[in-house]
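Spelled out from the first residue to the last, the chains are:
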Amino acid sequence: SGMTGTADEAWREFWQIYHLPVVVIPTNRPCIRTNYPDKIYVTEEAKWNAILQEISDIHAVGRPVLVGTRSVRASEHLHALLEEKGLEHQVLNAIYHEKEAEIVAGAGQPGRITVATNMAGRGTDIKLGRGVKEKGGLAVIATERHESGRVDRQLYGRAGRQGDPGSAVAIIALEDELLERHAPHLSSMR
């Protein structure tokens, strides 16, 4: 057996491959995370500017921010933008994997900015630091959508755990690789 918050949608696959049923167990406490609608921009440049502004606004009130990227390249790009803006942050990607658990565990501290590639830090709980609940909890920002909605939900699920407050939003661009590949007709909207 195993436990995950995203197996219900793949119950057919679990049955076909492993001959194991999926049973939904209610959460220990209700999820009060706020999931905001996607913010969509025409260009990648506009998207990255919006992401920087969102991080700055959340950081200014002392809330921690966890930013999820799809690639090491995107995490390094955001790292450079945050450096340029003078915002202290931690980067968790394949390059910094040896500190993974430590970086993720600290992602809920007041004012902390953590950039994580894809599924980095799985299995490490993010506990909120002192005063963070009162400020709104952990804020999660996705910089792109993933091919599997399950991966997006796993990222979003890092905020608002165990009845804690939190928020999640995806900030995307029509130029994102996923949209270019699966919805090329949107490029004409640029």
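See the structure printed just above.
Keep in mind it's a predicted model, so treat the numbers as computed, not measured.

Colleague: Sorry if this is basic, but what is going on with the side chain of Asp176 here?
Modeller: Considering the arrangement of structural elements, one finds Asp176 in the loop between β7 (166–173) and α7 (177–182). Take Asp176: its relative accessible area is 2%, and that puts it in the buried class. A distance of 2.9 Å separates the side chain of Asp176 from the side chain of Lys47, its partner in a polar contact.

Colleague: Help me out: how do you make sense of unusual backbone geometry in this one?
Modeller: Comment: phi is negative for the bulk of residues other than glycine, and the bulk of peptide bonds are trans. One non-glycine residue, His19, lies in positive phi territory at about 55°. Along the chain, His19 turns up in the loop between α1 (11–18) and β1 (34–35). Its identity is not glycine, yet Gln162 carries a phi of approximately 50°, on the positive side. Its place among the elements puts Gln162 in the loop between α6 (149–156) and β7.

Colleague: So what exactly am I meant to see when it comes to the environment of His146 here?
Modeller: With respect to the secondary-structure elements, His146 resides in the loop between β6 (138–142) and α6. Discounting chain neighbours no more than four positions away, the residues touching His146 are Thr69, Arg70, Asn118, Val151, Asp152 and Leu178. A polar contact of 2.7 Å, which involves the side chain of His146, links it to the side chain of Asp152.

Colleague: So what exactly am I meant to see when it comes to the environment of Val61 here?
Modeller: Relative to the helices and strands, Val61 is located in the loop between α2 (44–60) and β3 (65–69). As for Val61 and Val132, which are separated by 71 residues in sequence, their C-alpha atoms are 9.8 Å apart.

Colleague: Would you take a moment to explain the packing of α2 against helix α3 (residues 72–85) for this structure?
Modeller: Two measures define how a pair of helices packs: the angle their axes make with one another and the distance between the axes. Direction vectors running N to C along α2 and α3 enclose 60°, while the axes themselves pass 11 Å from each other. As summarised for this structure, α2 and α3 are arranged oblique, according to the angle between their axes. You can see that α2 and α3 cross each other, and the crossing is right-handed. In this structure, α2 contributes Trp48, Ile51, Leu52, Ile55 and Ser56 to the contact, and α3 contributes Ala74, His77, Leu78, Leu81, Leu82 and Lys85. Of the residues in the contact of α2 with α3, the class split is eight nonpolar, two polar and one charged.

Colleague: Is there a simple way to explain the nonpolar core in this structure?
Modeller: The tendency in soluble globular proteins is for nonpolar side chains to be buried as a group. In terms of nonpolar packing, the biggest core is built from 20 residues, with Ile55, Val67, Leu78, Leu82 and Ile141 touching the most fellow members. With six residues, the single largest contributor to this core is α2. Ile103, Ala107, Ile126 and Ile172 belong to the second-largest nonpolar core, a separate cluster that totals 16 residues.

Criteria and cut-off values
- Counting restarts for each chain, with residues numbered from 1 along the sequence as it is written.
- For this predicted model, a pLDDT threshold of at least 70 governs which residues receive local features, and a threshold of 80 or more governs which side-chain atom pairs are given and counted, while totals over whole chains, interfaces and linings are taken from all residues.
- Computation of side-chain values: all heavy atoms of the structure, hydrogens and water removed.
- Runs of E in the DSSP output that reach at least two residues are strands. Runs of H or I that reach at least four are helices, and both are numbered from the N terminus.
- For the exposure calls, accessible area comes from a 1.4 Å probe over protein chains only, and a residue counts as buried if that area is under 20% of its type's maximum, exposed if over 50%, partly exposed in between.
- Under the rule applied, a polar contact is a pair of N or O atoms within 3.5 Å (in protein, one hydrogen donor and one hydrogen acceptor; residues adjacent in sequence only if both atoms are side-chain atoms).
- By the convention used here, residues are in contact when the closest approach between their heavy atoms is within 4.5 Å.
- To define axes, lines are fitted to C-alpha atoms, for helices over the stretch in contact only, and angles between the resulting N-to-C directions are given on a 0 to 180 degree scale.
- Should an angle lie under 35 degrees it is considered roughly parallel, over 145 roughly antiparallel, and from 65 to 115 roughly perpendicular; all remaining angles are considered oblique.
- Handedness of a helix crossing follows the sense of rotation of the near helix relative to the far helix, less than a right angle counterclockwise being left-handed and clockwise being right-handed.
- Charged means Asp, Glu, Lys or Arg here, nonpolar means Ala, Val, Leu, Ile, Met, Phe, Trp, Tyr, Cys or Pro, and polar covers whatever is left, Gly included.
- To form a nonpolar core, buried Ala, Val, Leu, Ile, Met, Phe, Trp, Tyr and Cys residues must be joined to one another through side-chain atoms within 4.5 Å.

All quantities given are derived from atomic positions and should not be read as evidence of function.
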